[in-house]
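Letter by letter, the chains look like this.
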Amino acid sequence: PHLAALVLARGGSKGIPLKNIKLLAGVPLIGWVLRAAIDAGVFHSIWVSTDHDEIEKVARQFGAQVHRRSPEVSQDSSTSLEAITEFLNHHHEVDIVGNIQATSPCLHPSDLIKVADMIQKEGFDSVFSVVRRHQFRWSEVKKGENKMTEPQNLNPAKRYRRQDWPGELYENGSFYFAKRHLIEKGYLQGGKMAYYEMRAEHSVDIDIDIDWPIAEQRVLSFGYFGKEPLKEVRLLVCSIDGCLTNGRIYVTEDHKEMISYDYRDSVGIDLLKKRGIQVRLISDRDCSKTLSAMQLGCVGKVSVTNKLQVLKDWQEDMGLSWKEVAYLGNEESDVECLKQAGMSAVPADACAAAQKAAGYICKSRGGCGAVREFAEHIFLLLEKVNSARKQ
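Residues numbered from 1 in each chain as written. Predicted model: local features only at pLDDT ≥ 70, side-chain atom pairs only at ≥ 80, totals over all residues. Heavy atoms only, no water.

In the annotation of an unreviewed UniProt entry, the protein is listed under the name N-acylneuraminate cytidylyltransferase and assigned to Calcarius ornatus. In its Catalytic activity (unreviewed entry) section, the UniProt record describing the protein reads: "an N-acylneuraminate + CTP = a CMP-N-acyl-beta-neuraminate + diphosphate". (UniProt positions renumbered as here; feature names shortened; annotations may be inferred.)

## Comments concerning the packing of aromatic side chains
Considering all chains together, one arrives at eight aromatic pairs under this definition. With a centroid separation of 5.6 Å and 85° between ring planes, the pair formed by Phe175 and Phe177 is classed as edge-to-face. Taking the relative accessible area as the measure of exposure, Phe175 reaches 0% and is therefore buried. Above the plane of the ring of Tyr170 lies Arg133, whose end atom (NZ or CZ) is 5.4 Å from the centre. The positively charged end of Lys192 is found above the aromatic ring belonging to Phe124, 4.9 Å away from the centroid. (Phe/Tyr/Trp six-rings, centres within 6.5 Å; stacked < 30°, edge-to-face > 60°. Buried < 20%, exposed > 50% of the residue type's maximum accessible area, 1.4 Å probe, protein only. Lys NZ or Arg CZ within 6 Å of the ring centre and 35° of its normal.)

## Regarding the nonpolar core
The nonpolar side chains of a soluble globular protein tend to be buried with one another. Counting residues in each nonpolar core, the largest one holds 81 residues, and the members touching the most others are Ile30, Phe43, Ile100, Leu112 and Phe374. Each of domain 1 (3–134 + 168–222) and domain 2 (235–389) contributes no fewer than three residues to this core. Those residues in contact with Leu112 that sit more than four places away from it in its chain are Ala36, Ala37, Ala40, Val42, Phe43, Ile100, Leu107, Phe175 and Phe177. Within the second largest apolar cluster, 23 residues are counted, among which are Val304, Leu308, Leu311 and Cys351. (Core = buried A, V, L, I, M, F, W, Y, C linked by side-chain atoms within 4.5 Å. Domains from an automatic or database assignment. Contact = heavy atoms within 4.5 Å.)

## With respect to the packing of helix α1 (residues 29–40) against helix α4 (residues 109–120)
Interhelical geometry of α1 versus α4 gives an angle of 55° and a closest axis separation of 8 Å. Taken together, the axis directions place α1 and α4 in an arrangement best described as oblique. The handedness of the crossing between α1 and α4 is right-handed. Residues Ala36, Ala37, Asp39 and Ala40 of α1 pack against Pro109, Leu112 and Ile113 of α4. Of the residues belonging to the contact of α1 with α4, the class tally is six nonpolar, no polar and one charged. (Axes fitted to C-alpha atoms, helices over the stretch in contact; angles between N-to-C directions. Helix = DSSP H or I, 4+ residues; strand = E, 2+ residues; numbered from the N terminus. Parallel < 35°, antiparallel > 145°, perpendicular 65-115°, else oblique. Left-handed = near helix turned anticlockwise from the far one by under 90°. Nonpolar A, V, L, I, M, F, W, Y, C, P; charged D, E, K, R; others polar.)

## Here's the deal with helix α3 (residues 80–90)
All buried positions along α3 are accounted for by Ala83, Ile84, Glu86, Phe87 and Leu88. Buried residues belonging to α3 abut β1 (3–8), β4 (45–50), β5 (65–68), β6 (96–100) and α5 (180–184).

## Observations regarding the environment of Ser174
The residue Ser174 is located in strand β8 (residues 168–179) in this model. Taking the C-alpha atoms as reference, Ser174 lies 7.8 Å from Thr103; in sequence the two are 71 residues apart. Beyond its immediate stretch of four places on either side in the chain, Ser174 contacts Asn99, Ile100, Gln101, Ser104, Ser129 and Met198.

## Points about unusual backbone geometry
With a phi angle near 55°, Ser303 is a residue other than glycine that sits in the positive phi range. A residue is classified by how much of its surface remains accessible, and Ser303, at 42% relative accessible area, is partly exposed.

This is how it looks when you write it as structure tokens:
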């Protein structure tokens, strides 16, 4: 049977405009779940249902197909079931839908693989995700009511210790898998039904109970970053014009060039060096005097016609794998380097081609702290690497 992953990503949002493609830890929010779905390798097709051009663009960038939903199922009042039903009406080849929530960025492929087995091999008609919580519930007393609250799941005279109580299962909304015949009857849950318990640290729902900065920390700690394990970065290569600088060149009357760079970026370079990470600079043009004047203490290469070849030479000379190389670029000449490096980033104002090739898009513009921001991102991922080693 044809198992399709379907991510519903409407353009409208009452809270955060275009939330589904807002950058979370340098990746569009929807990109986290699409990466997990693709790497799970269990779906015959992966779709994003949307009514917005920008969301469609990002979805295709991450390898998904796009179903343009109708205005009728794109309203604030529209339900997920209505959008899924419309999708099935246009895609008769689909037998099972895995509806994955765009706002669950800590989803891992291993969860999706196990659920696909439950549906396809164990014969369940529907499977949905839950998380175990240890929370005591009390009855609500509305204002003006003359009555006392009552315990719902505990005896106050004999409160459980956490380790003595298994807790309760709650839907976390990460995914709902269901067979076509069930959805056509108007259900996402029914028939031979089962739940799938996710780990608490992977159960992140931005829509309900978490704000953006906290979510970024959770994703950096517990998110899925790809099939290959992260490695410690040993080399950062940074394009000078448009990354370390804002790309502007000021020319005096006596034909001398002047540029500016952000002090925060020089601090970021120093911090990287102190962590044992080499920083090297690269440029298409001859800016050797400028590079010398910056006094950053970095190896640099200017007048480069093939940045990828220089990057390969440096990588081989240092005996590094590509996973140990990071690259910060901003122009089309940086695209192949961004694709090759294990960790890649661009400033917020990088060209479209570079943004598409990068794994992380900085909030800062070129010459305005992008190097420092990427350095901080590298440090956070190094913490993740060290944590994995300890485990």
